[in-house]
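If you want the building blocks of each chain, they are given just below.
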Amino acid sequence: MSKASETIDSFVNREYSYGFVTDVEQDSAPPGLNEDIIRFISKKKEEPDFMVDWRLRAYRYWRTLEVPTWAKVYFPPIDFQSIVYYSAPKQRGEGPQSLDDVDPKLLETYEKLGIPLKEQERLAGVAVDAVFDSVSVGTTFQDKLAEQGIIFCSISEALQNHPELVEKYIGTVVPYTDNFFASLNSAVFTDGSFCYIPKGVKCPMELSTYFRINAANTGQFERTLIVAEEGSSVSYLEGCTAPQRDENQLHAAVVELLALDDAQIKYSTVQNWYPGDEEGKGGIYNFVTKRGLCKGRNSKISWTQVETGSAITWKYPSCVLVGDNSVGEFYSVALTNKYQQADTGTKMTHIGKNTRSTVVSKGISAGHGQNSYRGLVKFNKNADNARNFSQCDSLLIGDQSGAHTFPYIEGRNPTTSVEHEATTSKIGEDQIFYCNQRGISTQDAVNMIVNGYCKEVFQQLPMEFAVEAQKLLGVSLEGSVG
Amino acid sequence: MLEIKDLKAGVEGTSILEGVNLSVKAGEVHAIMGPNGSGKSTLAQILAGRDGYEVTGGSATFEGKDLLELEPDERAKEGLFLAFQYPVEIPGVNSSYFLKAALNEVRKHRGEPEMDAVEFLQFVKEKMKLLDLREDFLKRPVNEGFSGGEKKRNEIFQMAVLQPKLAILDETDSGLDIDALKVVSSGVNRLKSQDNAQLIITHYQRLLNYIVPDYVHVLYQGQIIRSGGKDLALELEEKGYDWINEERSQPA
């Protein structure tokens, strides 16, 4: 027996040793998590060996960890053994047959956001025979990218077609040992995006998951990896302003960005997962690890996020500024209404010389929402002349909501400088009355004031995304004033 | 147009207006004068519908409608405009966006078509000349970083755009230097027509040199204690408010 088949043998035997067989033909794994489930996922996805090994290492490490409790969010204990970690993409024929079968409330919201009919069908998961616009657009789009050597596909496809790139870069920015949820994601992620911009290429268009074939059903453990080679640049859009429903309550995504010398990555997110009902029941738990590594000199990574959905948001898109003169940016709007909780912010770690970072965070709390900004600005001892500017503003609507700010600054280099500004304000009755007196209703006045408050962040978004984000804030704020 | 009858109101149990009577018809300019604390601004705020005041008696009708029953934005849409004594800053919201939203609300209410951005811009440019405003004004956030004079000019500019039936000017002259006062007054005068009315609330006679009222009323301790023509303002300026009060307390 050859060495290789021996390994396979022991591999198979080990599966049995757990007294549990998973049929590869099966569409879903049973609930729960163990090494067999991880092998099953990897096998289903026909992944290369390095991937399953990496997943297993992550799983073994994850088992030594406990759910972090430092964030200012409250939720009942999660039973990780009751979660189904793999189920095959839904077949056509399942789900609603037409928009008539879809929750009218959801349709009403789509209407308000001005989402085209075809897109409404896609979002609501309606089974349609016609080829989606987005798919056909997606195809021509991919050809155009391929001409320039840009790889933009699902991470599953990347594992098939470019395994060497995935192996080289996965886990280099967010290692599987990073934190509880990142470890879990590393063990069980089912899909996500992969994007590779070759040396010197400026990506000619905004890349968006929306235009990616197979974008649907990326599942609750999404993994995204973007690599920008020397001198390249890319702008990436994640998410969608339309409310997204998902039967999975727990979401734990990982996003890794890597920028080499003179490269730039701009990453924009609009997150609008189901926030739960008026009483705070249901809603997505969104525990995300996002990090960008400015490895090269003069590189730049910029995060912009508009977070309006999810019952719980736990998310700190960060930048590690290793390359000299590299730049990190974080622009955030986080809105909590009803009983939503958000603990979000960023970490800017300055390692290289003359590194610069900017943090602009706008928290909005309405209803019973609780909103925390948590940020760390860290200067390592070699970060000569590094600079940070942070601005953290909180806006309160009503008297039941809460805003909290936890800024941390660590400095080990005397030549660095940091500026921190923070404000907390309430939408004034004066402001609302002033708008009323000009004929503008209270709800419209609140939307206008909130959008004005968020302007600095919206300016960072690509144009049409910014317009949608404004509408989204309006819809999310409905009912926040009496 | 506006009929106020025996209006009594206060705030947190303290009575401020103690039975105000006032009748304003289309084409008229009325001035309400009075010393500090007489209830002038309270009257303006109550007519505009500000929260926090309690109406304890009397009535106010506007174009036949019970004004006190309407929400503040409904009053505005009906054509009641208040030029604020202290205009409010709305950071990040540019003036053009704000004013277009307001104008279209009012137009919708009147059954007129909404204006698109191009029509709006043409429309407001005319009005800006009236108040001697620079073009970049529209791009600036509402009242943010404006000087006192700019804020007041902005109020009258908004009035020019919204074309209300009744404009209440609450101490529009306060904080204005003489040049700004002239610009603001000439704006107000040019907006006057046979179909609209103006209610000028002021502490000093100075403004009334530029905006000449048809009627002058003196509000004192929550009541209009004297009404007359424009000469009354001059008399007040000369003799002070105590004069009326003393005159009142003496038997006729």
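All of the points below concern the structure found in this document.

## Some thoughts on the interface of chain A and chain B
Stage number 1. In this assembly, 18 residues from chain A lie in contact with 33 residues from chain B.
Stage number 2. Between chain A and chain B, the buried area comes to about 2,000 Å², and carbon and sulfur atoms account for 64% of it.
Stage number 3. Sorting the residues of chain A by area buried against chain B places Phe433, Tyr434 and Arg438 of chain A first, and these three jointly supply 38% of that buried surface.
Stage number 4. Residue Arg50 of chain B is joined to Asp430 of chain A by a salt bridge in which the shortest nitrogen-to-oxygen separation is 2.3 Å.
Stage number 5. For the pair chain A and chain B, the number of links is 11 residue pairs in polar contact (both at pLDDT 80 or more).
Stage number 6. Contributions of two or more residues to the side of chain A that touches chain B are made by helix H10 (429–437) and helix H11 (442–453) of chain A.
Stage number 7. A total of 8 residues in the side of chain A that touches chain B trace back to one element, the largest contributor, which is H10 of chain A.

## Some remarks on the sheet that holds strand E5 (residues 65–66) of chain B
Residue and element names in this part refer to chain B.
Stage number 1. Taken in spatial order, the 4 strands make up an open sheet running E2-E1-E4-E5, and their pairing is antiparallel. Looking at which strands have only one partner, the edges of the open sheet turn out to be strand E2 (14–24) and E5.
Stage number 2. Bridge count for strand E1 (residues 2–11) against strand E4 (residues 54–62) is 7 bridges, and the pairing is antiparallel. Across the sheet, Glu3 pairs through a bridge with Thr61, a residue of E4.
Stage number 3. Where helix H1 (residues 40–48) meets the sheet, its contacts fall on E1, E2 and E4, and the angle it forms with E1 comes to roughly 110°.

## As for the environment of Cys203 of chain A
Residue and element names in this part refer to chain A.
Stage number 1. On the secondary structure map, Cys203 appears in the loop between strand E2 (193–197) and strand E3 (207–208).
Stage number 2. Sequence spacing of Cys203 and Ala158 is 45 residues, and the spatial spacing of their C-alpha atoms is 18 Å.
Stage number 3. Among residues more than four places away in sequence, those in contact with Cys203 are Leu145, Ile150, Ile197, Ser233 and Val234.

The rules behind each value
Residues numbered from 1 in each chain as written. Chains lettered and ligands numbered in written order. Predicted model: local features only at pLDDT ≥ 70, side-chain atom pairs only at ≥ 80, totals over all residues. Heavy atoms only, no water. Contact = heavy atoms within 4.5 Å. Buried area = accessible area lost by both parts, 1.4 Å probe. Salt bridge = Lys/Arg side-chain N within 4 Å of Asp/Glu carboxyl O. Polar contact = N/O pair within 3.5 Å; in protein donor to acceptor, adjacent residues only side chain to side chain. Helix = DSSP H or I, 4+ residues; strand = E, 2+ residues; numbered from the N terminus. Pairing = 2+ DSSP bridges. Axes fitted to C-alpha atoms, helices over the stretch in contact; angles between N-to-C directions.

Any functional reading would require information beyond the geometric quantities listed.
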